Amino acid sequence: MCSFESSIPQRTESWHGLRGLAIFMVLVCHQFFFFFSYPKFCAQLVGQRVLSFTVPRYIRVFEAWSIDIGVVAVSLFFFLAGYFVLDSVRRSSSGRQFFFHRMVRLWPVYGISVLLNVALLAIFTSKTFSLQHILSALFWVRPWTTFDFIDGSAWVLEILVVFFLVCAVFFPSLKAGREIRLGKTIFWLALLSSLFFVNNYEYLRVCCPYGVHIAFVISKIFAHMSLAMVGMYTAL
């Protein structure tokens, strides 16, 4: 019988090629489509007024597609995160060590990116951030506050950090090969949180606006973690 460790496929060039394709798709989407499709959101990120411009013709073609390449690319990212995470679990001796190694790989570059964004926005625009705002972004707790994005692309990492934390908490189960049970738990939590958000939206909007925000964050996290779990199953 194959052991848990030997059952994890080796990282192949094909999978890394898929990751490269996802990166390319995100770059194309952000560079050529996102700015023109979501001008208000982009203006809000840099604290500026919405610009008036002529929308390129290819944007209309893009919007007519039934497939959003940005959504596809992000889905691939979460899928690959789940696919490769089992290899990290295999090489770790505890959930604490696993989570620490994940943070060591992510945080330095991410921290520099956040501080660089803060500096550039302060220099070239009128947008500034409080210390609490900066700290909430640096340590990935911004989604649980009412602060806006400092770097709009950071939302993917904010969800990945929660996914890695869940993997660390359930490390013994993953190490023992009980990924299916964890996946079922995440799936049902995703479904239930989404149903709660839909059924209680109007009540929360009127009585507890912050509750709408938190319910949306939780639904979004579990939905994307479900994609990561699909990737994890593929690696079995």
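Residues numbered from 1 in each chain as written. Predicted model: local features only at pLDDT ≥ 70, side-chain atom pairs only at ≥ 80, totals over all residues. Heavy atoms only, no water.

Colleague: Tell me what's going on with the packing of aromatic side chains, and back it up with residues and numbers.
Modeller: Counted by the stated rule, this structure contains 6 aromatic pairs. Aromatic pair Phe78 and Trp155: ring centres 6.2 Å apart, planes at 40 degrees, arrangement tilted. Of the two residues, Phe78 sits in helix H4 (residues 69-91) while Trp155 sits in helix H7 (residues 155-169), which places them 77 residues apart along the sequence. Among the residues examined, Phe78 registers a relative accessible area of 1% and is labelled buried. Seen from the ring of Phe149, Arg142 lies directly overhead, with NZ or CZ sitting 3.9 Å from the centre. In this arrangement the basic side chain of Lys220 is found over the ring face of Trp155, its NZ or CZ atom lying 4.3 Å from the centre. (Phe/Tyr/Trp six-rings, centres within 6.5 Å; stacked < 30°, edge-to-face > 60°. Helix = DSSP H or I, 4+ residues; strand = E, 2+ residues; numbered from the N terminus. Buried < 20%, exposed > 50% of the residue type's maximum accessible area, 1.4 Å probe, protein only. Lys NZ or Arg CZ within 6 Å of the ring centre and 35° of its normal.)

Colleague: Before we move on, can you summarise the confidence of the model for the protein chain with the specific residues and values?
Modeller: On average, residues of the protein chain score 82 in pLDDT, and 94% of them reach the 70 mark or higher. Across the protein chain, the element-wise mean pLDDT spans from 73 in helix H10 (residues 201-207) up to 94 in helix H6 (residues 131-138). Scored below 50 in pLDDT, residues 1-9 shows 15 contacts in the model against residues more than four places distant or in partner chains. (pLDDT = per-residue confidence, 0-100. Contact = heavy atoms within 4.5 Å.)

Colleague: Break down the pattern of salt bridges for me, citing the residues and quoting the values.
Modeller: Overall, the coordinates contain 3 salt bridges when judged by the stated rule. With its nearest N and O atoms 2.3 Å apart, the salt bridge here joins Asp87 to Arg90. Remark: Arg90 and Asp87 occur in helix H4; sequence separation between them is 3 residues, near one turn of the helix. Of the residues examined, Asp87 reaches a relative accessible area of 12% and is grouped as buried. Taken together, the shared-partner salt bridges connect Asp87, Arg90 and Arg91 into one network. (Salt bridge = Lys/Arg side-chain N within 4 Å of Asp/Glu carboxyl O.)

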